[in-house]
Amino acid sequence: MRKHLHMALVFVVMASGAVAQTPRRIASMNLCADQIVWQLAERQHIVSLSHLAADNEVSLIADDVAGIHLNHGSAEEIVPLKPDLVVAGRYSARTTVSLLRRLNYRVVELELARSVADVRRQILVLGNVLGESDRARQIVARMDRRIHAGQLSPNTPRPTAINYQPNGFAAGPGSLIGDVLVHAGFDLARIGNSTGAYQHLPLEVLIDDPPDVLIVDQSYAQSPALSHALLSHPALKRLTGRIRRVAIPNRLWICGTPETVGAIEQLAEIRRSWASEQ
């Protein structure tokens, strides 16, 4: 019973009709849902994905979705496609979600994944909704094999780490990024006196108590933006030698997907390299 209640916290399923049929016209209006649907459903059954699915900065499937109808989360875009299932996020356009439900469309709302365990559950639950339970279990099994294969010896030192994001925010406990870091063998560095999944981290706090490893979005190294200006601050540059700065593609862990394991693998290798230098 407790397990089912926990799963309900991750997914909220709202369907019209007493019996839910296996969907054959699936529309997704959420980036995170896009990528799980893409892994689970056959392409011919996907009638639409969110426009962010085609954005290489945030989407792992951007190179594969050519020819798929892309939407911006409006009912005017979704309804003419006559989907038999709409997958949304908890924070997707609420007006659209509400209207679709009033029109008796079957809607599944995907909660924000805050842990690797949440990702597993979302894949399994959505696999059941899509009639692809076997495929979902196979995907989760592959995830677990990759995580296990990348585990280091318990005696390997655990560096402290901070994922520093645009405009000075950092991921903390209760976030997917925080859980990925723990899975990779890092300890989360203190974010001042802040608590919560995402908190503002003043530059002076970061400099006063620096982590062993500072993780930034890979896109910063390729095309620095104003929102990343703090990362170019001279005071932070003076920490070179005291901390290791590394870049991870944001698209690996901005959403909880099967490929979030890729972030764990990259970070485990960074930890292995860091430990060898101690």
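Residues numbered from 1 in each chain as written. Predicted model: local features only at pLDDT ≥ 70, side-chain atom pairs only at ≥ 80, totals over all residues. Heavy atoms only, no water.

Some words on the environment of Asn 128
The topology assignment puts Asn 128 in helix 5 (residues 116–129). Looking at Asn 128, the relative accessible area reads 54%, which means it is exposed. Residues Asn 128 and Leu 40, 88 residues apart in the sequence, show an inter-C-alpha distance of 9.9 Å. (Helix = DSSP H or I, 4+ residues; strand = E, 2+ residues; numbered from the N terminus. Buried < 20%, exposed > 50% of the residue type's maximum accessible area, 1.4 Å probe, protein only.)

Here's the deal with the packing of helix 5 against helix 6 (residues 133–149)
Two elements in contact, helix 5 and helix 6, have axes separated by 7 Å at closest approach and are oriented at 160 degrees. One finds that helix 5 runs roughly antiparallel with respect to helix 6. Handedness of the crossing formed by helix 5 with helix 6: right-handed. For the pair helix 5 and helix 6, contact is made by Val 116, Val 119, Arg 120, Ile 123, Leu 124, Gly 127 and Asn 128 and by Ser 133, Ala 136, Arg 137, Ile 139, Val 140, Met 143, Asp 144 and Ile 147, respectively. Across the contact of helix 5 with helix 6, the residue classes break down as nine nonpolar, three polar and three charged. (Axes fitted to C-alpha atoms, helices over the stretch in contact; angles between N-to-C directions. Parallel < 35°, antiparallel > 145°, perpendicular 65-115°, else oblique. Left-handed = near helix turned anticlockwise from the far one by under 90°. Contact = heavy atoms within 4.5 Å. Nonpolar A, V, L, I, M, F, W, Y, C, P; charged D, E, K, R; others polar.)

Comments concerning the nonpolar core
It is characteristic of soluble globular proteins that their nonpolar side chains tend to be buried jointly. Judged by nonpolar contacts, the single largest core of 54 residues is most densely connected at Ile 123, Ile 215, Trp 253 and Leu 267. Not counting residues up to four positions away in its chain, the partners in contact with Leu 267 are Val 180, Leu 181, Ala 184, Phe 186, Ile 215, Ile 248 and Trp 253. In terms of nonpolar packing, the next biggest core, distinct from the first, is built from 12 residues, Ala 189, Leu 203, Leu 239 and Ile 243 among them. (Core = buried A, V, L, I, M, F, W, Y, C linked by side-chain atoms within 4.5 Å.)

Observations concerning the state of the cysteines
One pass over the structure, following the stated rule, counts one disulfide. There is a disulfide in this structure between Cys 32 and Cys 255, and the S-S distance comes to 2.0 Å. A torsion of -75 degrees about the S-S bond marks the disulfide between Cys 32 and Cys 255 as left-handed. Note that Cys 32 is positioned in helix 2 (residues 31–40) and Cys 255 in the loop between strand 12 (244–248) and helix 11 (260–276), a separation of 223 residues in sequence. (Disulfide = S-S within 2.5 Å.)

Re helix 6
Every α-helix winds through 3.6 residues per turn, so residues three or four apart in the chain are directed the same way. The end-to-end C-alpha distance of helix 6 is 24 Å, a good match for the 24 Å that 17 residues give at a rise of 1.5 Å each. Looking only at helix 6, the buried set comprises Ala 136, Ile 139, Val 140, Met 143 and Ile 147. Projection of helix 6 onto a plane perpendicular to its axis shows the buried side chains occupying an angular sector of 95 degrees, all on one side. Counted as exposed and oriented over 90 degrees from the buried face of helix 6: Asp 134, Arg 145, His 148 and Ala 149. Elements that come into contact with the buried residues of helix 6 comprise helix 2, helix 5, helix 7 (176–183) and helix 11. (Expected span 1.5 Å × (residues − 1). Arc of directions from axis to C-beta.)

As for the pattern of salt bridges
Tallying each qualifying case throughout the model produces 14 salt bridges. Of the charged contacts, one joins Arg 146 and Glu 265 as a salt bridge, the two residues approaching to 2.7 Å between their closest N and O atoms. In this pair, Arg 146 is assigned in helix 6 and Glu 265 in helix 11, connecting sequence segments 119 residues apart. For Arg 244, the salt bridge goes to Glu 277, with nearest N and O atoms at 2.5 Å. Of the two residues, Arg 244 is situated in strand 12 and Glu 277 in the segment after helix 11; the sequence distance between them amounts to 33 residues. A network of salt bridges, in which partner residues are shared, links Arg 90, Arg 94, Arg 101, Glu 109 and Glu 111. (Salt bridge = Lys/Arg side-chain N within 4 Å of Asp/Glu carboxyl O.)

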